[in-house]
Amino acid sequence: VDQLPAVNDWAWNDLANAGALPAVAFWLVALLLIGVAAWPLALALFPSFSDGGAGLARALGLMIVAYLCWLPASLKLWKYTAPAVLAALLGLAALSWGLARWRRVDLRAAWRVRRRRLLFSEAVFLAGFALFLLIRVANPDLWHPTRGGEKPMELGFLNAILRSPSMPPYDPFFSDGYINYYYYGLFVVSTLVKLTGIHSAVAFNLIIPTLAGLTISGAFSL
C-alpha cells in the first residue's frame, strides 16, 4: 500500500458532508442523473415494458458507469478517482444522447404515452428508498450488539476500494496484499460515493436503501 499513488478524493464534498439531509439530497440527485442518462438505453432494451424500462434505468446506468471505471483501472490505464467516475458518467450520457438523437421519435412517443407510468415508477423507487432509509436511521451503527456481523468488513473493503488507484484494491486486513474476494458489488456502489463525495461511513447507510429501492423499482418495472 505504501507504494501505491495516494487517492485522497474521497469525502471531498463539504456541502454533502454538512449533515444527513444534504447527503441524502446529493445522493438522490446523483442517482437521478444516472437514471436520466440511462433511460434511452433502458427503453431500447425493454421496449415492451409499460414504463419504458424506467424502473431499471438507474441500475443499468450504475452498472455501465461502474464498468467504464473498473476496466480501465484494472488495466492500469487510469486511476480510480472522482474525475474518472464523472468521465464515465459523461460517456454514458454521450452514448444515450446519440441513441436519443437516432430514436428521438420513439422517445417522444414513449414519454407522451407512458409518462404517468414512468413517473409512478420513479415514485416507487423513492418510496422503497425512503422506507429502508428509515430503517437505517433507526440503527445507523450497522452492528448487531451481541452477534456482530459483516458490516465492518464490508466498510473496510469499501474504504480500500475508494483509496485504491487501480484494481484489484488493496486488502485492508492483509498487509501488502490485495482483496482476493468478490468485491465488484462494493465497487459498483463505490462509484456513487466517489461521485457525490460523501463520507463512506454515511454513504454506506445510503447504499443499502439504494439497493432496496433499485430492487423494488426493478420488480415493479418487470
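Computed from a prediction, not measured in an experiment: that's the story for all the values here. Here the residue numbers are simple positions, counted from 1 along each chain's written sequence. The predicted nature of this model means local features are confined to residues of pLDDT at least 70 and side-chain atom pairs, given and counted, to a pLDDT of 80 or more, with totals for whole chains, interfaces and linings taken over all residues. Think of the side-chain values as coming from all heavy atoms in the structure, minus any hydrogens and water.

1. Looking at the overall build of the protein
Put simply, the rule is: A run of H or I in DSSP becomes a helix once it reaches four residues, and a run of E becomes a strand once it reaches two; helices and strands are each numbered from the N terminus. The quantity called the radius of gyration is restricted to C-alpha atoms. Its globule counterpart is 2.2 Å times the number of residues to the power 0.38. The criterion used for residue contact is that any of the two residues' heavy atoms lie within 4.5 Å. Computed with the Shrake-Rupley method and a 1.4 Å probe, the accessible areas treat only the protein chains shown as cover for residues.
Scanning the protein for helices and strands turns up 7 helices and 0 strands. Each helix (α) and strand (β) of the protein, taken in turn from the N terminus, gives the series α-α-α-α-α-α-α. Compactness check: the protein gives a C-alpha radius of gyration of 18 Å against a globular reference of 17 Å for 222 residues, within 12% of the reference. If you line up the protein on its principal axes, its C-alpha atoms span 55 × 45 × 30 Å. In the protein, the share of contacts with a sequence separation of at least 24, taken over all contacts with a separation of at least 6, comes to 71%. About 11900 Å² of surface is accessible on the protein, with carbon and sulfur atoms providing 68% of the total.

2. Focus on the nonpolar core
Applicable threshold: The criterion is simple. A nonpolar core is a set of buried Ala, Val, Leu, Ile, Met, Phe, Trp, Tyr and Cys residues joined through side-chain atoms within 4.5 Å. Here's how the labels work: a residue is buried when its accessible area is under 20% of the maximum for its type, exposed when over 50%, partly exposed in between, all with a 1.4 Å probe on protein chains only.
Within the largest apolar cluster, 47 residues are counted, with the highest numbers of intra-cluster contacts made by W27, Y80, F187 and L206. Only α1 (20-45), α2 (54-74), α3 (82-102), α4 (104-138), α5 (151-163), α6 (184-196) and α7 (200-221) provide two or more residues apiece to this core. Here this core takes 9 residues from α1, the largest share from any one element. When sequence neighbours within four positions are dropped, the list of residues in contact with F187 reads A66, C69, W70, Y80, I161 and M167. Ranked by size, the runner-up nonpolar core spans 6 residues in total, among them L43, A54, A57 and L118.

3. A word on the environment of S166
Its location among the elements puts S166 in the loop between α5 and α6. Overall, the relative accessible area of 14% leaves S166 in the buried class. Spatially, the C-alpha atoms of S166 and L75 are 8.0 Å apart, while their sequence positions differ by 91 residues. Apart from residues no more than four positions distant in its own chain, S166 is found in contact with A73 and K76.

4. Re the confidence of the model for the protein
Worth spelling out the cut-off: The pLDDT value tells you how sure the predictor is about a given residue, anywhere from 0 up to 100.
Per-chain confidence: the protein averages 89 in pLDDT, with 94% of residues scoring 70 or above. Highest mean pLDDT in the protein belongs to α6 (97); lowest belongs to α4 (84).

5. Re the packing of α2 against α6
Put simply, the rule is: Every axis corresponds to a line fitted to the C-alpha atoms, with the helix fit spanning only the stretch in contact, and the corresponding angles, defined between N-to-C directions, vary from 0 to 180 degrees. These descriptions rest on fixed angle ranges, namely under 35 degrees for roughly parallel, over 145 for roughly antiparallel, 65 to 115 for roughly perpendicular, and the rest for oblique. Residue polarity follows a fixed list, in which Ala, Val, Leu, Ile, Met, Phe, Trp, Tyr, Cys and Pro are nonpolar, Asp, Glu, Lys and Arg are charged, and the others, Gly among them, are polar.
Contact pair α2 / α6: the axes reach a minimum separation of 9 Å and the direction vectors enclose 100 degrees. Taken together, the axes of α2 and α6 are roughly perpendicular relative to one another. Residues L62, M63, A66, Y67, C69 and W70 of α2 form the contact with α6, whose own contacting residues are Y184, F187, V188, T191 and L192. Across the contact of α2 with α6, the residue classes break down as 10 nonpolar, 1 polar and no charged.

6. Brief notes about the side chain of S221
Our working definition: What qualifies as a polar contact is a pair of N or O atoms within 3.5 Å, subject to a donor-acceptor requirement within protein and to the restriction that residues adjacent in sequence count only when both atoms come from side chains.
Its location among the elements puts S221 in helix α7. On the accessibility criterion, S221 (5% relative accessible area) is buried. At 2.9 Å, the side chain of S221 and the side chain of D51 are in polar contact. If we skip the residues at most four places from it in the chain, S221 touches F49, D51, G53, A54, G55 and L56.

7. Topic: a nonpolar patch on the surface
Here is the rule: Patch building starts from residues that exceed 30% relative accessible area and form no salt bridge, then joins like charges within 9 Å and nonpolar side chains (Val, Leu, Ile, Met, Phe, Trp, Tyr) within 5 Å. What counts as a salt bridge is simple: a side-chain nitrogen of Lys or Arg found within 4 Å of a carboxyl oxygen of Asp or Glu.
Taken together, the side chains of Y67, L71, L75, L77 and W78 make up a nonpolar region of the molecular surface, amounting to roughly 500 Å² of accessible area. Of note, Y67 is situated in helix α2. Overall, Y67 belongs to the partly exposed group, its relative accessible area being 42%.

8. Comments concerning the pattern of salt bridges
According to the stated counting rule, one finds 3 salt bridges in the structure shown. D9 serves as the salt-bridge partner of K194, at 2.8 Å between the closest nitrogen and oxygen. Placement of K194 in helix α6 and of D9 in the segment before α1 is noted, with a sequence separation of 185 residues between them. As far as the burial class goes, K194 and D9 line up, both buried. Across the salt bridge formed by E122 and R58, the nearest N and O atoms sit 2.5 Å from each other. With E122 in helix α4 and R58 in helix α2, the pair connects residues that are 64 residues apart, well separated along the chain.

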